[in-house]
Each structure stands twice: as C-alpha cells, then as structure tokens.
Amino acid sequence: MHVQVVNLKKHFGRTKAVDDISFDFSDGQIVGFVGPNGAGKTTTMQIISTLDTPTAGDIYLNNVSVVQYPEKARRLVGFMPDSLPTHRDITVDDYLDFFARAFGIRCNRRHKVVEGIEEFTNLLGIRDKFLKTLSKGMKQRVSLARALIHDPGVLVLDEPASGLDPRARIELRELLKALSEQNKAIIISSHILSELAEICDSAVIIERGKLLKAGTLDEITPSQAHCTVLIRTIGKLKDLYKKMLQTPTVIDARIVGTSVEVEIDGSEEETADLIEMLVNDGYRIVEAKHVRAGLEDIFMQVTKGELN
Amino acid sequence: MDKRTIGGRITDMINPIAVKEMRQAVKSRLIIWVLMLFLLIQLVVIIVVLVFSKEFDDFNAGPGVFMTILSILLGTCLLFIPAITALRLASERSDSNLDLLFITTLRPRHIMWGKLVAAVILTLLFFSACLPFMTLTYLFRGLDLPSMFILLGLDFLVVVLSIQGSIMLAACPGGLIARGIRFLFGLALLVAAFGYTIAISGAMLFGGIGSSLTTWNFWGPALTIVACIFLLIGLLNVLSVALVSPPSSNKMIGVRIYTLFLWIASMVIIAVWMSVIPRGRFLEEIIYSWSACAGIGACILLFISICERQEWGLRIRRTIPQNIFLRLPAFLLYTGAAGGVLLSVLIMAASFLIGFFVVIALGKDPDDEFVRMLPYSAFYFISYALTALLIKRIFFKRVTFFGLPIAIALVLLIAGTAFPVIAAFLLKKGAWYDTSELWLICNPFVMLAEYRTFWHEAMLFSGIWCAVISLIMLPWFVKQFRSFKPLKITKTEIEDTTDERELSKVSA
C-alpha cells in the first residue's frame, strides 16, 4: 500500500488548517505525524480516513483518490480516533461484530475475522465484557481492533497513546510493531515524542498547517559538524574524563552515570580515531554509543512550537 | 447447515445498526426492568378488575380495562422508547462514535433506518407483551375485535412517528445546553402526543368505531391520517439523515427529492378527496388549504436553503451529471443555496398556480383572499430571505456559522415589523389609533390582516422589493449555476499527475 498526500489544503474560513502539504509513505513503514496543537494533524488524518474533504489537493491510497472514490478508499484505511468507544450495553464481541457487519463481512467469515482480531489484540479474555466496564488501555485495544476489522492496508492512528498507563503503552507499541511487520502502512500522531521515536522509522513534522520536515529519522535529523559519543569503560572513569578534556578533537566532555559523554569535533572518522587512541592507551572500553538527536530534539529544532 | 449459519445468514440481511441496537436493547438492564414492570402493572390491573370491578359483574368492563391497559402501553411506548432511542443516539452523536460509521460501508440513511427499525421492533415487543392482556379485555365484554385492532394499529403508527421525531431531534448537532433544551422540548411533545392519543383513542372507542367500519366517513379520514403519518415519518427520516450526514456530503438531496415527493403525494391525497366529496364551498377550501400548506413548506425550505453551501466540494462535484439537461434538475436537487432557493420558489409558484387553475376548472372564481395572500406573502418571505443572503455575502463572507442567514433574516424581520411601528408611536406621541397602516408595510403577515385599504400599497411594496432583490441576486444565481460543473478526472489522469508531482518522500 502506497499513501500519497498531494498538495493537500484545508481551509476553515480564513484559517488554513492544512496548507499545501505533500508527503508519501508505504507499507511496512510507521510514520510519526508530529506537530504542535492546532498544526493540522487531526484534519489531515480525517481527510486520509475520508471523514473530511480537502479544500484542494488529494490523498491517494494505491492511486485511489480519497476525494473521488471515498467508498473504495474506506475499504483500504482503518482509522482510530483520539476518543474511545463509549457505546452502552454492548460487549466487546458484539461491538466488533457490528463493525464487521458494517464493512459487509458475511456470516462465517465474520466470526473468523472477529475471533482472529480479538486474538491478535489480546481481547479474547474480555470479549464478553461490556465496553463501559473496560479500562482506557483495554478500550484503546478495542478501538485498534475495530480499525483492523476489515484488514486495511493503511492504519491512521490519532493520539493512540494519550492517557494510557506505561503497561498499556508498551502493549500498544508491540501491537503496532507486529502490524508493521504485516506490511501495513501506519501513520501515528502523538504528543509523546519519546514513544513515537521508539516505534517510528519515519516522521512528518508540520506546524501551522505547513510541512516542515518529512523523511526517515536519519534524514530529518539536522546535520551537525560534531557528534556525541557515550563511552563506558571498566574503571578509570575520572582518568578517561580528564583525558578527553585534554584531547584536541574533543569539544566537551562530562560524566554521565558510569560513562563519559564526549562531544567530538568531527563525525564518524574522528570518533573511530578517538576510540582507537583510547584502546591503545590501555582503556578497557565496554561500550561506545553514538548519541543521536531524538525526535524531541528534532521537533524542537524544526518547530517553534507555536499555535495557529 | 447448522443453526448458527442459518441465523447468521438471516441477520446478514438485516441492517447492521438494527442488529446492534437490538443486541444493546436485550442486554440493557433498564429495558428489561421496564418490560418486567410493564407486565407487572398490567397483571395488577387485570387482577384488580377481576376482584373489585362492579362493571365486570355487569359484563361491560372491556372498554374501561382496555383503555387502562392502552394507557400503560402508550405511556411506555410513547414516552420511554422514543426517549431511550433519542438519548442513545444523542450520546453517540456527541462522541465520535457516529463519525466512525461513516468510514464503513454504511450510509447515513442506513444508520437512521437502523435506529428506527430497532426502536420499532422494541415497540412491537411491548405491544406483543400487551396483547394477552388486551385479548383478555375482549372477554370482559363491551368491546369488538376490529375496534381494538384498528385502535392499536393507529396508536402504533403514532408511536413510530414519535420515535422518528425523537431520532430527528437527537440527530441535531449542538452542545450540552442545546441538547438539554431539545430533550425538554421533545419530552413536552411526547407528553402532549401521549395525552392527545389517549384522548382520541378513548373518543374513538367509546364513540363506537365498530359501527362505522363499513363507511367512507371512517375510512376516508383514517386512511388520510395513516398516509399523513407515513409521509411525516418519511420527512422526519430524511431530515435526520441530512442532519447526521458529513459536511462534505450531498446532504440536502434526499430532503429535496422527498419534499417534491411529499408535494406530489399531497396533491394525490387532495385529488382523491376531490373525487369522493360533493362539489361545493368545502372543496375549494381544501384546495386553498393545500396551496397554503405547500407554500408554507416551501417557505421553510427556502430559509433552510439560504443557509446552505455556495460552493460544492470535490466529493459532490464528481457526482454532478455531465449532461446539461440532467444538470439543471440536479442543480435544483443537490445541496446548495441557489438551487434550494429556486426549487422553493418554483414549489411556491406551482402550488399557487395549481390551486388557482383547479378552482377555475371547477367553474368558480378564485377567492380574493387566496389570490392576495399567497403570492404577496411569498414575495415578502422571498425578499427577506434573499436580502439576508445578500447581507451575509457582503458583510459576513468568511463566517462559516450555518444558521447565520436565518439569524440575519430574523433580525431583518424584527426590524422591519417592530421598528417602523415604534417610530410611528414615538412620532405620533403615543397615539396608536392615529398611526397610519403604512407603518406596517414591512410586516410579511400584513396580507393576513383585514387592512383592506392598505393591500395595494403592500402588494406594490412586496412586489417591487422582491423584483429588485431578485435582480440584484441574479448574477449570483447565474454564477452559481455556472460553477455547478462536474469534475473531469479519470484514473489515468490521476496516475499521470501524481507521477509528475513533487512529493516529500518519507521513504528512504
């Protein structure tokens, strides 16, 4: 499944909620959709899900236009909104069965599909419980199961981790990874950037409806003339610290726990030279880790964090 | 084939919303408790009658007990079922639950029909739970079976109408306060409907409908009422579908097609009545009433239309017919302000002209009041509506609030009716009796009054105002029709254009 967002615009009166953004992603990718509040994330996601139409531009799901052929597009996309299901007097199983019916899945296949989804999302144990009695994490899983019921190629998740406890977040993360392995194209918006960084391989950053950055995490990381390396040795921590401060290629160094974080003037070549020098000097290096800029750092660098 | 497969195949054919709602209903503790209580009260009533009623000994207890049980049945079905259906829908509407249905293969009309069907099945459950007790009342004497069934049938239709009305009220968007007001309004309507239905049912039963069952005097009004109830249920249904439809959809097409159907159906009903009742004054009055009612309906459509969109989204444009001859009716029926205004005016004009010429065809001269009231009152309302639309277009172009044109029209109406009179009152130093009728010239209801000396001025004023505002708005109508064009994008073009486009690649 290939998703193309092409020159998408959505205006509400004078407000440009989405202002000419274009990006694309494919199956197997988990894309983090990042932006401050009011940046246009939910609007874009609603357009992908055919819940809204753009003022201009279009979104193509395997060349199927969501504007021109919403009926076809709906079969290709699964949407999980930021709100949780609140239906009264309905069990998890009935809820999923209902959505399977709504997607036109027929009797025998429907039972298998619902059971399969319940098994995948770990809902089999609570299938006879009423939705109202479920915890937020369980409801989130039900919501994900609902979005998956018609086996869509694209999954659009709007703030799926908001309000979840750490355990529920981990469970959700594992489910998303499993879905990615099943070759689903997944786009997730979230405010919890550390969470996104752990599961996303790509990111789209928007602000005030405009696209700021789009690409893999490596691609969108701003290029720097220096890099940071975390070095852990057996013993000699203070010696290592002093040594680093005296080394000409090192800009700065500081002790972080049992390691020394070193800022090197240069890139991988200089890092390799430094480690070689330390080994030659008799330091017993256990770990040397390249510290990359996280999604939070990238986000703070490319956005001003302003609201529309 | 196992039972589960047969059952599954049968339920596959039923609207998924109806299946879901029924499952919710049978799992709802509230509904189960109400049903139990309902049965218990009926049982108590029957026992009390059997033990204590003197009428029972006189073999005439039937009608009284039947009405008591009917009151319990209608109390439950007219108050509880519509309320619970509406509350459930309103609760789903306030969350994003309803939105989620729009990304399935279900259409808004399926959703609304599903809700209605589920509530009707629940009503049937209560009616069937009541039938054993109703049958028992037959044994108490004083009742005939046809009367019982006809009354139950009519009351059932009233319940269905109430349910559909509640669904429509619940489908309206709005915040908590608006929903609260609507709930109270709906509850008041349901209580009134309960009162009237009981009163009419009692009157019919004790009036002895059994003896008139073979006459037109019974079946004529009864069938007309049944037809009107069905037409009203349909109207409320299409309105509720329009209310829950996504903003990007062709919301009004169903309402407009149904309005036309309703208009034609009402003509058919009038034609049937004309063929069966003797010619006379009464016949003309029926025609005038029909013209007036159709005009009022078109007027409501006119004011809804001025609030509609003035440009069509891509999703609607892809369904606009390529053929120019089909595009004209599509322009009138598709959602959009200009088409709606034109359709309303056409219905108003046609209703008046049909009424006028039918009366002439009957060999009578059309009534002066009819000729005066209908077209000129229509001129006033058209003028107010178009002026409001003009003001909205000039001063509030960017404001997206749906009801703004109606709000402007209301302000204009209040200003037009109240301010001149207040000014006259102040100028004449409080002498109401000395105030000239001309100060009422902006009041659209002036044609209904008995100000015979003033009619000509009012006709002239409304005619000129309507002509001037129509001329001012004419370029807008033309522009609207010209922009009502279909999209011309084929799949090949989509593929070509996307290849050429420069995309920000997320992929590595």
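Per chain, residue numbering runs from 1 following the sequence as it is written. All chains are assigned letters beginning with A, and all ligands numbers beginning with 1, in the order in which they are written. With the structure being a predicted model, the display of local features is reserved for residues of pLDDT at least 70 and the display and counting of side-chain atom pairs for 80 or more, all residues being used for whole-chain, interface and lining totals. Excluding hydrogens and water, the side-chain figures rest on all heavy atoms present in the structure.

**Overview of the packing of helix H5 (residues 136-148) of chain A against helix H6 (residues 166-181) of chain A**
Residue and element names in this part refer to chain A. Counted only if it meets this: Axis lines are fitted to C-alpha atoms, over the contacting stretch for helices. Their N-to-C directions set the angle, which ranges from 0 to 180 degrees. Only DSSP runs of H or I covering at least 4 residues are called helices, and only runs of E covering at least 2 are called strands; the numbering of each starts at the N terminus. Put simply, angles under 35 degrees are roughly parallel, angles over 145 are roughly antiparallel, angles from 65 to 115 are roughly perpendicular, and the rest are oblique. In this scheme, a crossing is called left-handed if the near helix is turned counterclockwise away from the far one by less than a right angle; it is called right-handed if the turn is clockwise. Residue contacts are counted whenever heavy atoms from the two residues lie within 4.5 Å of one another. Three residue categories are used. Nonpolar comprises Ala, Val, Leu, Ile, Met, Phe, Trp, Tyr, Cys and Pro, charged comprises Asp, Glu, Lys and Arg, and polar comprises the others, including Gly.
For the pair H5 and H6, interaxial distance at closest approach is 10 Å and the crossing angle is 15°. When the interaxial angle is binned, H5 and H6 end up roughly parallel. Seen along the crossing, H5 lies across H6 with a hand that is right-handed. Residues Gly 137, Arg 141, Leu 144 and Leu 148 of H5 touch H6, and the partners they reach there are Ala 168, Glu 171, Leu 172, Leu 175 and Leu 179. In the contact of H5 with H6, the residues fall into 6 nonpolar, 1 polar and 2 charged.

**So, the domain arrangement of chain B**
One widely used convention gives an interface's size as the accessible area the parts lose upon coming together. Just so we agree on the cut-off: Note that domain bounds follow an automatic or database assignment of domains.
When cut into domains, chain B gives domain 1 (12-233) and domain 2 (278-487). Domain 1 of chain B and domain 2 of chain B are separated by 38 Å when their C-alpha centres are compared.

**Quick word on the packing of helix H2 (residues 16-27) of chain B against helix H7 (residues 108-139) of chain B**
Residues and elements named next belong to chain B. Where H2 meets H7, the closest approach of the two axes is 7 Å, and the angle between their N-to-C directions is 40°. Regarding the angle of H2 to H7, the classification is oblique. In this structure, the crossing between H2 and H7 has a hand that is right-handed. Packed against H2, whose contacting residues are Ile 17, Ala 18, Lys 20, Glu 21, Met 22 and Ala 25, the element H7 presents His 110, Ile 111, Gly 114, Lys 115, Val 117, Ala 118, Ile 121 and Leu 122 at the interface. Residues belonging to the contact of H2 with H7 are distributed by class as follows: 9 nonpolar, 2 polar and 3 charged.

**Examining the interface of chain A and chain B**
We apply this condition: When two parts are brought into contact, each loses some accessible area as probed by a 1.4 Å sphere; the total of that loss over both is the buried area. Salt bridge, as used here, is a side-chain nitrogen of Lys or Arg placed within 4 Å of a carboxyl oxygen of Asp or Glu. N or O atoms closer than or at 3.5 Å make up a polar contact, with two conditions inside protein: a donor-capable atom paired with an acceptor-capable one, and, for residues adjacent in sequence, both atoms drawn from side chains.
Taken together, the 64 residues of chain A in the interface contact 49 residues of chain B. Both sides of the chain A and chain B interface together cover about 5000 Å² of buried area, and 54% of this is carbon and sulfur. Taken together, chain A and chain B are joined by 5 salt bridges. Run the count over chain A and chain B and you get 9 residue pairs in polar contact (both at pLDDT 80 or more).

**Structural notes on the domain arrangement of chain A**
Taken as a whole, chain A is organised into domain 1 (2-220) and domain 2 (226-292). Each of domain 1 of chain A and domain 2 of chain A was reduced to a C-alpha centroid, and the two centroids are 42 Å apart.

**A short note on the packing of aromatic side chains**
Residue and element names in this part refer to chain A. Applicable threshold: Aromatic pairing here means that ring centres of Phe, Tyr or Trp (its six-membered ring) are within 6.5 Å. Orientation follows from the plane angle: under 30 degrees is stacked, over 60 is edge-to-face, and everything else is tilted. By the criterion adopted, a ring carries a charge over it if an Arg CZ or a Lys NZ lies within 6 Å of its centre and within 35 degrees of its normal.
Applying the stated criterion to the full structure yields 23 aromatic pairs over all chains. Between Phe 23 and Phe 33, the aromatic rings sit 5.8 Å apart at their centres with planes inclined by 45°, giving tilted as the arrangement. Highlighted residues: Phe 23 in strand S2 (residues 15-26) and Phe 33 in strand S3 (residues 30-34), separated in sequence by 10 residues. Above the face of the Phe 99 ring, Arg 146 is positioned so that its terminal group lies 5.3 Å from the ring centre. When the ring centre of Tyr 283 is taken as origin, the NZ or CZ atom of Lys 236, which lies over that ring, is 5.2 Å away.

**Details of empty space enclosed by the protein**
Residue and element names in this part refer to chain B. Note the threshold: Lining residues are those with an atom within 4 Å of a point, where the points come from a 1 Å grid over the protein atoms alone and group into cavities, where a 1.4 Å probe fits but cannot get out, or pockets, open sets with protein on both sides within 12 Å along at least five of seven lines. Grid points are joined across faces, edges and corners, and a volume is the space filled by probe spheres set on the points.
Throughout the structure, instances matching the rule amount to 3 cavities of 30 Å³ or more. Forming the boundary of the largest cavity are Glu 21, Met 22, Ala 25, Ile 31, Ile 84, Thr 85, Arg 88, Lys 115, Ala 118, Ala 119 and Leu 122. Taken together, the elements giving at least two residues each to the lining of the largest cavity come down to H2, helix H5 (62-94) and H7. In terms of residue count, H7 provides more of the lining of the largest cavity than any other element does, 4 residues in total. Per-class residue counts for the lining of the largest cavity are 7 nonpolar, 1 polar and 3 charged. Size it by volume and the second largest cavity reaches roughly 80 Å³.

**Considering the environment of Val 204 of chain A**
Of note, Val 204 of chain A is situated in strand S9 (residues 202-207). Spatially, the C-alpha atoms of Val 204 of chain A and Val 67 of chain A are 22 Å apart, while their sequence positions differ by 137 residues.

**So, the nonpolar core**
This is how the line gets drawn: To define a nonpolar core, start from buried Ala, Val, Leu, Ile, Met, Phe, Trp, Tyr and Cys residues and group those joined through side-chain atoms within 4.5 Å. Note on classification: 1.4 Å probe, protein chains only; a residue is buried when its accessible area is under 20% of the maximum for its type, exposed when over 50%, partly exposed between these limits.
Membership of the largest hydrophobic core comes to 150 residues, with the highest contact counts inside it found for Leu 61 of chain A together with Phe 66 and Leu 73 of chain B. For Leu 61 of chain A, the contacting residues outside a window of four places in its chain are Met 1, His 2, Val 3, Ile 48, Val 66, Ala 73, Leu 76, Val 77 and Val 154 of chain A. Core analysis: the next-biggest nonpolar cluster, separate from the first, contains 70 residues, Ile 286, Cys 307, Ile 347 and Phe 477 of chain B among them.

**Overview of the pairing of strand S12 (residues 250-256) of chain A**
Residue and element names in this part refer to chain A. Going by this rule: Strand pairing follows a simple DSSP-based rule, namely that at least 2 bridges must link the two strands.
Sheet topology note: the S12/strand S13 (residues 259-265) ladder contains 6 bridges and is antiparallel. Looking across to S13, one finds that Ile 255 is bridged to Val 260. If you look at the hairpin formed by S12 and S13, you'll find 2 residues sitting between the two strands, and Gly 257 has a positive phi there, around 65°.

**Notes on the pattern of salt bridges**
Residues and elements named next belong to chain B. Enumeration over the complete set of coordinates arrives at 22 salt bridges over all chains. For the salt bridge of Lys 364 with Glu 284, the shortest nitrogen-to-oxygen distance reads 3.6 Å. Of this pair, Lys 364 sits in the loop between helix H15 (337-361) and helix H16 (368-395) while Glu 284 sits in helix H12 (residues 281-305); the two residues are 80 residues apart in sequence, bridging distant segments of the chain. For Lys 364, a relative accessible area of 36% translates into the label partly exposed. For Glu 284, a relative accessible area of 4% gives the class buried.

**Observations concerning the state of the cysteines**
Our working rule: Any two cysteine sulfur atoms lying within 2.5 Å of each other are counted as a disulfide.
A full pass over the atoms with the stated rule returns 0 disulfides over all chains. You can see Cys 130 of chain B has no disulfide; the closest cysteine sulfur is in Cys 77 of chain B, sitting 7.9 Å from it.

**Details of the sheet that holds S2 of chain A**
Residues and elements named next belong to chain A. The 4 strands lie next to each other as S2-S1-S4-S5, forming an open sheet whose pairing is antiparallel. This sheet does not close on itself; its edge strands, each paired only once, are S2 and strand S5 (64-65). Contacts from helix H1 (residues 41-48) reach strand S1 (2-12), S2 and strand S4 (56-61) within the one sheet, and its direction differs from that of S1 by about 120°.

**A short note on H15 of chain B**
Cut-off, in case you're wondering: By this rule the span expected of a helix is its residue count minus one, scaled by 1.5 Å.
Helix length check: H15 of chain B, at 25 residues, gives a terminal C-alpha distance of 36 Å against a target of 36 Å (1.5 Å per residue), a fit within 8%. Gly 363 of chain B sits one or two positions beyond H15 of chain B and adopts a positive phi of about 85°.

**Details of H1 of chain A**
Residue and element names in this part refer to chain A. For H1, a buried count of 6 out of 8 residues is recorded, marking the element as mostly surrounded by other parts of the structure. Within the span of H1, buried status applies to Lys 41, Thr 43, Thr 44, Met 45, Ile 47 and Ile 48. Positive phi appears at Thr 50, one or two residues downstream of H1, with a value of about 70°.

**What about the pairing of S2 of chain A?**
Within S2 of chain A, 9 of the 12 residues are buried, leaving the element largely enclosed by the surrounding structure. Between S1 of chain A and S2 of chain A, which pair antiparallel one after the other, the connecting turn spans 2 residues, and Gly 13 of chain A there sits at a positive phi close to 65°.

**A closer look at the sheet that holds S12 of chain A**
All names here are of chain A. The strand order S12-S13-S11-S14 describes an open sheet built from 4 strands, whose pairing is antiparallel. In the strand order of this sheet, the two ends are held by S12 and strand S14 (285-291), each with one partner. Here the average twist between neighbouring strands, direction ignored, is 20°. The strands touched by helix H9 (residues 237-246) within the sheet are strand S11 (226-233), S12 and S13, with S12 carrying the most contacts at an inclination of about 160°.

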